[in-house]
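Observations on the three-dimensional arrangement
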Amino acid sequence: MGDYKSYAQALDLVNDKELIEEYKKYHKNVWKEVNEALSSIGIKKMKIFLLGTHLFMYYEARADFDPKIDFQKYTELTPKANEWDNLMRKFQQKISDIPENQLGEWWSPMDLVYDLDWFKQQ
């Protein structure tokens, strides 16, 4: 099946309770075309967590996956995936209080600071 790497990214939601609830509803019924497009660009697993207005996205993708280059390609595979991406942006906003060098295209990449696997072979 190949090697996979883990990735983490963060983004904020607009601070509006109704919009946050709507965002959560959409994610309980993600469009089939979106899931298929994400899988076809090499994403094996994806989870998004929410705390207040803060989103944390964890995903696993092929080892040669480059989020800066490859992630948005899912929107080019089907009009529905592009529609989804544009729709989600009404709920989202970039994180404002992080250093400029850590800002991502939209989702900001996070640094891995701990992995239990690092210590399993000791």
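Residues numbered from 1 in each chain as written. Predicted model: local features only at pLDDT ≥ 70, side-chain atom pairs only at ≥ 80, totals over all residues. Heavy atoms only, no water.

Counting through the fold element by element, aspartate 12 comes out in strand β1 (residues 4-13). Here aspartate 12 sits buried without a salt bridge, and the closest side chain of opposite charge, lysine 94, lies 12 Å off (N-O distance). Among the polar contacts listed, one links the side chain of aspartate 12 to the side chain of histidine 54, at a separation of 2.7 Å. Aside from chain neighbours lying at most four places away, what touches aspartate 12 is Thr53, His54, Phe91, Gln92, Gln93 and Ile95. (Helix = DSSP H or I, 4+ residues; strand = E, 2+ residues; numbered from the N terminus. Buried < 20%, exposed > 50% of the residue type's maximum accessible area, 1.4 Å probe, protein only. Lys, Arg positive; Asp, Glu negative; His and termini not counted. Salt bridge = Lys/Arg side-chain N within 4 Å of Asp/Glu carboxyl O. Polar contact = N/O pair within 3.5 Å; in protein donor to acceptor, adjacent residues only side chain to side chain. Contact = heavy atoms within 4.5 Å.)

A separate point is the pairing of β1. Regular strands place their side chains on alternate faces of the sheet. Across nine bridges, β1 lies against strand β3 (residues 54-62) in antiparallel orientation. Bridge assignment links alanine 10 to a residue of β3, and that residue is phenylalanine 56. In this structure, β1 lies alongside strand β5 (residues 108-109), joined through two bridges in antiparallel fashion. Across the sheet, residue glutamine 9 finds its bridge partner in β5, namely proline 109. Bridge count for β1 against strand β4 (residues 92-93) is two bridges, and the pairing is antiparallel. Bridged to leucine 13 within β4 is glutamine 92. (Pairing = 2+ DSSP bridges.)

Under the counting rule described, the total for this entry stands at eight salt bridges. The salt bridge involving glutamate 22 is made with lysine 90; its shortest N-O contact spans 3.7 Å. Of this pair, glutamate 22 sits in helix α1 (residues 17-28) while lysine 90 sits in the loop between α4 (79-88) and β4; the two residues are 68 residues apart in sequence, bridging distant segments of the chain. The class for glutamate 22 is partly exposed, based on a relative accessible area of 28%. Put simply, aspartate 70 and lysine 73 hold a salt bridge, and the shortest N to O gap is 3.3 Å. Residue classification places lysine 73 among the partly exposed residues on the basis of a relative accessible area of 36%.

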